[in-house]
Amino acid sequence: MHLQVALDERVGRVVAVAAVDNLTKGTAGAAVQCANLALGLVETTGLPLVGVAP
C-alpha cells in the first residue's frame, strides 16, 4: 500500500490518500510478469491464476 498524508493548514484538514495494488492485477503484476520474461521464466510464474480476496 502506498499512503500519502498532507495537511491543509488553510482549513485545518488532514488529507489522506491510500493506493492498494495486489500481485494479480495492476502495476505490481505487470512488474512480476516483465521480470519473469527478462529472466527467461514462464511468464505467469509467481502470479496466481485465482485472485484472493480478504
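Refer to the preceding data block for the structure.
These notes cover the structure that comes with them. (Residues numbered from 1 in each chain as written. Predicted model: local features only at pLDDT ≥ 70, side-chain atom pairs only at ≥ 80, totals over all residues. Heavy atoms only, no water.)

Some remarks on helix H1 (residues 26–38)
Here's step 1: The terminal C-alpha atoms of H1, which comprises 13 residues, lie 19 Å apart, in line with the 18 Å expected from a rise of 1.5 Å per residue.
Here's step 2: Positive backbone phi, approximately 75°, marks Gly40, located one or two places after H1. (Helix = DSSP H or I, 4+ residues; strand = E, 2+ residues; numbered from the N terminus. Expected span 1.5 Å × (residues − 1).)

What to know about a nonpolar patch on the surface
Here's step 1: Side chains of Met1, Leu3, Val5, Leu7, Val14 and Val20 sit close together on the surface and give an oily, nonpolar patch of about 700 Å² of accessible area.
Here's step 2: With 3 residues, strand E1 (residues 2–8) is the largest single contributor of residues to the nonpolar patch.
Here's step 3: Mapping Leu7 onto the fold places it in strand E1. (Patch = residues over 30% accessible without salt bridge, like charges linked within 9 Å, V, L, I, M, F, W, Y side chains within 5 Å. Areas by Shrake-Rupley, 256 points an atom, 1.4 Å probe, with all protein chains shown as cover. Salt bridge = Lys/Arg side-chain N within 4 Å of Asp/Glu carboxyl O.)

Thoughts on the side chain of Asn36
Here's step 1: Checked against the element boundaries, Asn36 lands in helix H1.
Here's step 2: Of the polar contacts made by the side chain of Asn36, one reaches the backbone oxygen of Glu43; its length is 3.1 Å.
Here's step 3: Ignoring any residue separated from it by four or fewer positions in sequence, one finds Asn36 in contact with Leu41, Val42, Glu43, Thr44 and Thr45. (Polar contact = N/O pair within 3.5 Å; in protein donor to acceptor, adjacent residues only side chain to side chain. Contact = heavy atoms within 4.5 Å.)

Observations concerning the environment of Ala19
Here's step 1: Secondary-structure assignment places Ala19 in strand E2 (residues 13–19).
Here's step 2: With a relative accessible area of 45%, Ala19 lands in the partly exposed category.
Here's step 3: As a C-alpha pair, Ala19 and Met1 span 18 residues in sequence and 5.7 Å in three-dimensional space.
Here's step 4: Each residue touching Ala19, except ones within four places of it in the same chain, is listed here: Met1 and His2. (Buried < 20%, exposed > 50% of the residue type's maximum accessible area, 1.4 Å probe, protein only.)

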